[in-house]
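A closer look at the structure
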Amino acid sequence: MRYKVVLMTLLHILYAGTLFSNVQQIGTTANNFIKILAPAKPAALGEAYTALADDVHSIGYNPAGFGKTMISQAAFTHIEWLQQVRFENLSLIAAFPFGNFAASINWLHMSDMDKTIQDLSSPSGYQELYQFSPYSFFGTVGFAKEFAENLFIGMNLNLLNYTIDPEDKDGSSFSFLADFGLIYDLWFLRGLSAGLSFKNIGPSAVFIKDSFMQPIDFRAGIGYAGDFLSVGADVQYVNDNDINFYVGGGLTLFNVVTFRGGYKGGTMNQPTMGAGLALGGLTVDYAFVPYTDNDLGFTHRVTLAFRFGQPHTALKVSPPAFSPNGDRVFDYAFLLPELTAKPKIRDILIKITDEFGNPVRSIRVNDPDIRMFWNGKNDLNMTVPDGTYNAAIEVNYKDGLRAESKQVPVIVDNTPPSIAIDANPKMVRPGQMTALVVPVNFTANLYDPRGIGRWRLVINGPDGLPFRTFNGSGDPMPIVWDGKDDTGMREVTTGTTYTYTFFASDKLGNRGRSSPQQVNVLLRERVITLSADTLFDPGKADVKIRIYNDIKEIADQIKELGKVSIIVEGHTDSLPIRTSQYRDNTELS
């Protein structure tokens, strides 16, 4: 539906021009020499170039066209016009990533003419005063760029000097004019474009004492530019002329030779023809346009154009480091190219090299819109070793142009973080398993050049199942374990064996772990030893009265510890006892 709307809009614009045509105004406008469009290539195409414009020849046809130019260009055109009139054109386009600038100088000149006045005494009836050579000059500066996807807009500012008699102060006129243009590359067929141009917009020109309006020019066109075939059609309305139409096409062989032909109809009807030869960045074009219907003669155009520089091409890599280990976390490095004139791209070559410049991987892509990436494998489909590599793209265009981006580093990292874990306080005894005393302080030392992602400390109980787990991200702070499980309801069994392991991953997803450490876990103990003769008299079970205050102080200290387990251990008297109260030492204890 969208393309139908665009085409219907274009057709209505073309038809609307016919409502304002005025063939009776021919010759009533100023600066008609600007209707001579210099470059040979568009002239050979029947001047059907409003939508096909995409190079240095676009300046005079549609200023939006040089916004599509990928590289800087310069061109010189010479025209052998009618009746010994000659026309010279020098054009330049400077291409930048933010847009393109254009400049053009045009000069029309002719052979000398005689200036005479009436002289009835002369046999000829006039007197020759002097000879003069009429000329016209105009300069152009412009800017164009892609303002939205597939939409190019451009503008020219023109300064014109039209001089008939250089010796006469009233024999010249200056004008300031502006041109506007746009081109839209239609989305449903690559290479198909529609274009509009509005030219010669400005105040009237004053010549001697009379004022003359400018030859305002409105054109609309549609064109297709493929790998070897280009065709175009334009409709033109000029305020002093009839409605004109233009059609043309070109056939390119081997990206070297192009044959062109076209037809101009309306006010004047004539065929056009020509050819072009491209050798590297140098192009020579010729156009032949006969005006035999009016017996005016033939016109010849020759254009020499040169392209220099390369299309803007840049590459970004995201992420700059990745881990192609198949864990689905940063397994690819995506290549994000900045490309110029996608419809003109033939293919793209992705080149991966190692830090010494040796080729590692080459990938050819035919669709510039496809998502490009590197999976960390070389040309043998083997994962490359960790290290820094360089990525670049080489863009090959259909017209033989080539552009290459700067190399961008990309890091392959499949190495997990280094992990060291220590726990304190510990008790180390020769020949025995290391023991940890609750509360336990764990200190983890982690390092990875990409940074630490997530980590986990797992403490397994005697049954081998997780007893307590700690989780976090980034560099971990010291971890304190109070001896309880994840529910907070169970406590370690003192003197039994537990195993702790620290797990960590870097920010690329590479996972590592410490070696499992088996330890005995002991609850913290306070041992209070009281001698028997301090508490009891021999053969007695009653605590001595004088020790009551000491026992109370011990009890207060135990209360301050909170919830604790108390174990009382002792032994019986060493003296044998047999009394009426205690039958033996065991009963006494």
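In this text, all values refer to a predicted model and were calculated from it rather than measured experimentally. (Residues numbered from 1 in each chain as written. Predicted model: local features only at pLDDT ≥ 70, side-chain atom pairs only at ≥ 80, totals over all residues. Heavy atoms only, no water.)

**Points about unusual backbone geometry**
- In this chain, S318 is followed by P319 through a cis amide linkage whose omega measures -5°.
- Looking at the element boundaries, P319 is found in the loop between strand 19 (314–318) and strand 20 (321–322).
- The residue after N424, namely P425, is reached through a cis peptide bond having omega -5°.
- Among the secondary structure elements, P425 is positioned in strand 28 (residues 418–427).
- Of note in this structure, R328 is not a glycine but carries a positive phi near 65°.
- On the secondary structure map, R328 appears in the loop between strand 20 and strand 21 (333–338).
- Judged by its relative accessible area of 80%, R328 is exposed.
- Phi at A341 is positive, roughly 55°, even though this residue is not glycine. (Helix = DSSP H or I, 4+ residues; strand = E, 2+ residues; numbered from the N terminus. Buried < 20%, exposed > 50% of the residue type's maximum accessible area, 1.4 Å probe, protein only.)

**Quick word on the sheet that holds strand 19**
- Taken in spatial order, the three strands of this open sheet run 19-21-24, and their pairing is antiparallel. The open sheet has two free edges, formed respectively by strand 19 and strand 24 (372–374), since each of these has just one partner strand. Adjacent strand axes in the sheet meet at a mean angle of 30° when their direction is disregarded.
- With three bridges connecting them, strand 21 and strand 24 associate as antiparallel partners. When the bridges of strand 24 are listed, L335 appears paired with M372. (Pairing = 2+ DSSP bridges. Axes fitted to C-alpha atoms, helices over the stretch in contact; angles between N-to-C directions.)

**A few points about the pattern of salt bridges**
- One pass over the structure, following the stated rule, counts 24 salt bridges.
- For D240, the salt bridge identified is with K35, shortest N-O distance 2.9 Å. Linking D240 in the loop between strand 13 (229–238) and strand 14 (244–253) with K35 in the loop between helix 1 (2–18) and helix 2 (40–44), this pair joins segments that are 205 residues apart in sequence.
- As a salt-bridge pair, R86 and E80 come within 3.0 Å of each other at their nearest N and O atoms. (Salt bridge = Lys/Arg side-chain N within 4 Å of Asp/Glu carboxyl O.)

**Side note on the packing of aromatic side chains**
- Evaluated as defined, the whole model comprises 24 aromatic pairs.
- Geometrically, the ring pair formed by F442 and Y500 is edge-to-face, given 5.1 Å between the ring centres and 65° between the ring planes. One end of the pair, F442, is in strand 29 (residues 435–447); the other, Y500, is in strand 33 (residues 496–506), with 58 residues separating them in the sequence.
- Within the aromatic cluster, the residues linked to one another by ring pairs are F96, F98, F101 and F143.
- Across from the ring centre of Y61, 6.0 Å away, lies the NZ or CZ of K199, which sits over that ring. (Phe/Tyr/Trp six-rings, centres within 6.5 Å; stacked < 30°, edge-to-face > 60°. Lys NZ or Arg CZ within 6 Å of the ring centre and 35° of its normal.)

**Focus: the pairing of strand 13**
- Sheet analysis places strand 12 (residues 217–225) next to strand 13, joined by nine bridges and oriented antiparallel. Bridged to R219 within strand 13 is Q236.
- Taken together, strand 12 and the strand that follows it, strand 13, pair antiparallel across an intervening segment of three residues.
- As paired elements, strand 13 and strand 14 share eight bridges and run antiparallel to each other. Each residue of the ladder has a partner; that of A233, found in strand 14, is V247.

**Describing the nonpolar core**
- Formed by 28 residues in total, the largest nonpolar core has its most connected members in I348, I350, W374, Y389, V395 and V410.
- Looking at this core, the elements with two or more residues in it are strand 19, strand 21, strand 22 (345–353), strand 23 (359–365), strand 24, strand 25 (387–397) and strand 27 (408–412).
- By residue number, the principal contributor to this core is strand 25, which donates five residues.
- Those residues within four positions of V410 in sequence are excluded, and the remaining contacts are V317, P320, F322, A333, W374, G387, T388, Y389, N390 and A391. (Core = buried A, V, L, I, M, F, W, Y, C linked by side-chain atoms within 4.5 Å. Contact = heavy atoms within 4.5 Å.)

**Remarks on the side chain of Q214**
- As for its placement among the helices and strands, Q214 is situated in the loop between strand 11 (210–212) and strand 12.
- On the basis of relative accessibility, which here comes to 1%, the residue Q214 falls in the buried class.
- A distance of 3.2 Å separates a polar atom in the side chain of Q214 from a polar atom in the side chain of S175.
- In this structure Q214 touches T29, A30, N31, S175, L177, N200, G202, P203, S204, A205 and N239, once residues within four positions along its chain are discounted. (Polar contact = N/O pair within 3.5 Å; in protein donor to acceptor, adjacent residues only side chain to side chain.)

**Considering the side chain of N89**
- Structurally, N89 can be placed in strand 2 (residues 85–96).
- For N89, a relative accessible area of 5% puts it in the buried group.
- Of the polar contacts made by the side chain of N89, one reaches the side chain of S91; its length is 3.0 Å.
- Beyond its immediate stretch of four places on either side in the chain, N89 contacts A38, A75, F76, T77, S104, I105 and N106.

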